[in-house]
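Here are the chains, one letter per residue:
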Amino acid sequence: MTAKNNGEKLIKIITKPLGVVAITISVLLFAVVGYKYLLTKPSFGVITKILQRTTGVEYRSVSQGSVYPCKLTFEYFDESGQKISKTTNYETDPCSPDNVNYYKVGQEISVRFDPVQTQKAEIFGVWDKLLSPTCLLIFGIVSLLVSRDKSVFIKPKNSLNKV
């Protein structure tokens, strides 16, 4: 057996369980996002304040986000029409919903909130909620394809064409 065959076997041995684990985790992440989506109510909100972290634990108020991490304060309306103000418990890094456009004060956002505890709310963006599980799913599928005995990506050379 050559070193090339050993390397190919090792790759196939590693990629199959890796693919299965990646697909399993992605399915669980999709389930969690779906479960949260079904338990919460939609609303539209407006960003009222952006607190950008500059150094350590120091924050400063800015009118537009940037590459630095930030916490967002936003207002939204619950089912009864009451206006609620909420600051995120987590930092968004970079201060952007899609890594291209930065958040701005006054920007409309999609919010999902708990109908029982209306103070429990979060900004709901498809990009930030579904990107990780989608990437894991694609990685898992590619890993399983690589681990197959018959190569999907490289056609074997035809032995009849040898001179």
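Refer to the structure above for everything that follows.
**Considerations on the environment of Val 46**
Turning to step 1, where the next piece is worked out: By the element assignment, Val 46 lies in strand E1 (residues 41-55).
Turning to step 2, where the next piece is worked out: Here the alpha-carbon distance between Val 46 and Gln 107, two residues 61 residues apart in the chain, equals 5.5 Å.
Turning to step 3, where the next piece is worked out: Excluding residues within four positions of it along the chain, Val 46 makes contact with Thr 73, Phe 74, Glu 75, Gly 106, Gln 107, Glu 108 and Ile 109.

**Things to note about the pairing of strand E5 (residues 108-113)**
Turning to step 1, where the next piece is worked out: Note: E1 against E5, six bridges, orientation antiparallel. Within E5, the residue paired with Pro 42 across the bridge is Arg 112.
Turning to step 2, where the next piece is worked out: Here E5 pairs with strand E6 (residues 121-123) via three bridges, running antiparallel. Looking at the pairing, Phe 113 lines up with Ala 121 of E6.

**Some details on a nonpolar patch on the surface**
Turning to step 1, where the next piece is worked out: On the surface, a cluster of nonpolar side chains totalling about 490 Å² of accessible area is made up of Leu 10, Ile 13, Ile 14, Leu 18 and Phe 139.
Turning to step 2, where the next piece is worked out: Tracing the chain through its elements places Ile 13 in helix H1 (residues 3-39).
Turning to step 3, where the next piece is worked out: Exposure remark for Ile 13: the relative accessible area of 60% places this residue in the exposed category.

**Thoughts on the state of the cysteines**
Turning to step 1, where the next piece is worked out: All chains considered together, the criterion is met by one disulfide.
Turning to step 2, where the next piece is worked out: Disulfide partner of Cys 70: Cys 95, at an S-S distance of 2.0 Å. Between Cys 70 and Cys 95, the disulfide has an S-S torsion of 80° and is therefore right-handed. Separated by 25 residues along the polypeptide, Cys 70 in strand E3 (residues 70-77) and Cys 95 in the loop between strand E4 (83-87) and E5 bring together distant segments of the chain.
Turning to step 3, where the next piece is worked out: Its relative accessible area of 0% is what places Cys 70 among the buried residues.
Turning to step 4, where the next piece is worked out: In this structure Cys 95 comes out as buried when scored by relative accessible area, which is 0%.

What counts and how
- Residues numbered from 1 in each chain as written.
- Predicted model: local features only at pLDDT ≥ 70, side-chain atom pairs only at ≥ 80, totals over all residues.
- Heavy atoms only, no water.
- Helix = DSSP H or I, 4+ residues; strand = E, 2+ residues; numbered from the N terminus.
- Contact = heavy atoms within 4.5 Å.
- Pairing = 2+ DSSP bridges.
- Patch = residues over 30% accessible without salt bridge, like charges linked within 9 Å, V, L, I, M, F, W, Y side chains within 5 Å.
- Areas by Shrake-Rupley, 256 points an atom, 1.4 Å probe, with all protein chains shown as cover.
- Salt bridge = Lys/Arg side-chain N within 4 Å of Asp/Glu carboxyl O.
- Buried < 20%, exposed > 50% of the residue type's maximum accessible area, 1.4 Å probe, protein only.
- Disulfide = S-S within 2.5 Å.

Note that every value here comes from positions in space, so none of it alone points to a role or purpose.
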